Amino acid sequence: MLRNKAQHPKRRILIVVLVGVFFCILYLVIILSNSQGGSSPVAMPRFDVGSTISEPGQQAGVATDEPAEASSSTANQGELRPEEEPHQNQNLEAIRAELYLIEDYRPSFVHGYKGPEHQKYIVLHDTEGDALPQSVVDWWEGNGNLVAAHFVIGVDGTVVQCVPMDNIAHHAGFGNAGHNEYYGVTDESRDDRLGTVPIGSWAPDYGMNSYSIGIEMVHVGGSGYYPPAQLQALDKLIAYIDAYYGFESAIIDHKAWRTGNSDTSPEFAQYLANYQAYRSHTGA
Ligand SMILES: [Zn+2]
């Protein structure tokens, strides 16, 4: 025991030196491994994290799945890419800032969910009356028909939104037999159809409501021209809708969906052609 005690100091020094050398070598190995890139165990976790970002289903087209405004809970929420929201919102908010837009949502106008994957058309209407947009919305709610468009544009360019874009509104109503197929809007299953009253066997199709945004312009057919402020507001609203979805919806008027309907009025014909070709009333 005494001899052992006498040898302890030397052994301790040796052990300390060996341990020191071991850690020095270990340190050098780690430094060299990092400098050589992804082949080392240290770099592997980074590769795994990167691979989850680009998994299937999270491609560019999905980026618009979750627009900024209030929406029903949906299965699409799992595909949200938070890192892309700020970019989309900045663009959306900049365009929206140019609109005089008032949100006045009425729950009774909502007839189901309509996500970006089901958005195809912008349908233009005339109110066939001269009431202010806010009064139009009140009248829709008061008559109990559960019929409304998403937006109403007044003659001074004021825009009232009464249905979120992610929801179905009954603005297009029934269309000609065969129009569901013609316009590619055959799935009516998301529409609760509350308040609908069939108008005849010649117009049984209801799919347009489930695939479109409706815009009413305060205008009486035959009364004359559309004021510049109203048309400029429509230009900006269409740009806003395009930015919201990240793609351009086809633009039609109501009478294209149901022949014999009066809206839009004849005096809007050239503007409609300009919107369809250039997405602005001026055609430029
Ligand atoms: Zn209409």
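Above this text is the structure in question.
These remarks concern the structure in this document. (Residues numbered from 1 in each chain as written. Predicted model: local features only at pLDDT ≥ 70, side-chain atom pairs only at ≥ 80, totals over all residues.)

**Description of the sheet that holds strand β2 (residues 121-126)**
(1) Moving on: Pairing in this open sheet of six strands is mixed, and the strands run β1-β4-β3-β5-β2-β6 from one edge to the other. Unpaired on one side and paired on the other, β1 (101-103) and β6 (250-253) mark the two borders of the sheet. With direction set aside, neighbouring strand axes in the sheet form an average angle of 25°.
(2) Moving on: Strand direction decides the pairing type here: strand β3 (residues 151-153) and strand β5 (residues 212-217), joined by three bridges, are parallel. Residue phenylalanine 151 lies in a different strand from β5, and its bridge partner there is isoleucine 215. (Pairing = 2+ DSSP bridges. Helix = DSSP H or I, 4+ residues; strand = E, 2+ residues; numbered from the N terminus. Axes fitted to C-alpha atoms, helices over the stretch in contact; angles between N-to-C directions.)

**Describing helix α6 (residues 228-245)**
(1) Moving on: Counted at 1.5 Å a residue, the expected span for α6 with its 18 residues is 26 Å, and the 26 Å between its end C-alpha atoms agrees.
(2) Moving on: Of the positions making up α6, those classed as buried are Gln230, Leu231, Ala233, Leu234, Asp235, Lys236, Leu237, Ile238, Tyr240, Ile241 and Tyr244.
(3) Moving on: A positive phi of about 85° marks glycine 246, the residue just after α6. (Expected span 1.5 Å × (residues − 1). Buried ≥ 20, exposed ≤ 12 C-beta atoms within 10 Å, placed from the backbone.)

**Things to note about helix α4 (residues 133-143)**
(1) Moving on: Listed in full, the buried residues belonging to α4 are Pro133, Val136, Val137 and Trp140. On an axial view of α4, the arc spanned by its buried residues comes to 100°, and they lie on one face.
(2) Moving on: Those residues of α4 that are buried lie in contact with β3, β4 (159-161) and β5.
(3) Moving on: Glycine 144 sits one or two residues past α4 and shows a positive phi near 75°. (Arc of directions from axis to C-beta. Contact = placed C-beta atoms within 7 Å.)

**What about unusual backbone geometry?**
(1) Moving on: Cis rather than trans, the peptide bond between aspartate 263 and threonine 264 has omega equal to 5°.
(2) Moving on: Along the polypeptide, threonine 264 turns up in the loop between α7 (254-257) and α8 (269-278).

**Considering the environment of glutamine 161**
(1) Moving on: Take glutamine 161: it is sitting in strand β4.
(2) Moving on: Judged by the 22 C-beta atoms lying within 10 Å of it, glutamine 161 falls in the buried class.
(3) Moving on: Sequence separation between glutamine 161 and glutamine 134 is 27 residues, and the spatial gap between their C-alpha atoms is 9.3 Å.
(4) Moving on: Ignoring any residue separated from it by four or fewer positions in sequence, one finds glutamine 161 in contact with Leu101, Glu103, His150 and Phe151.

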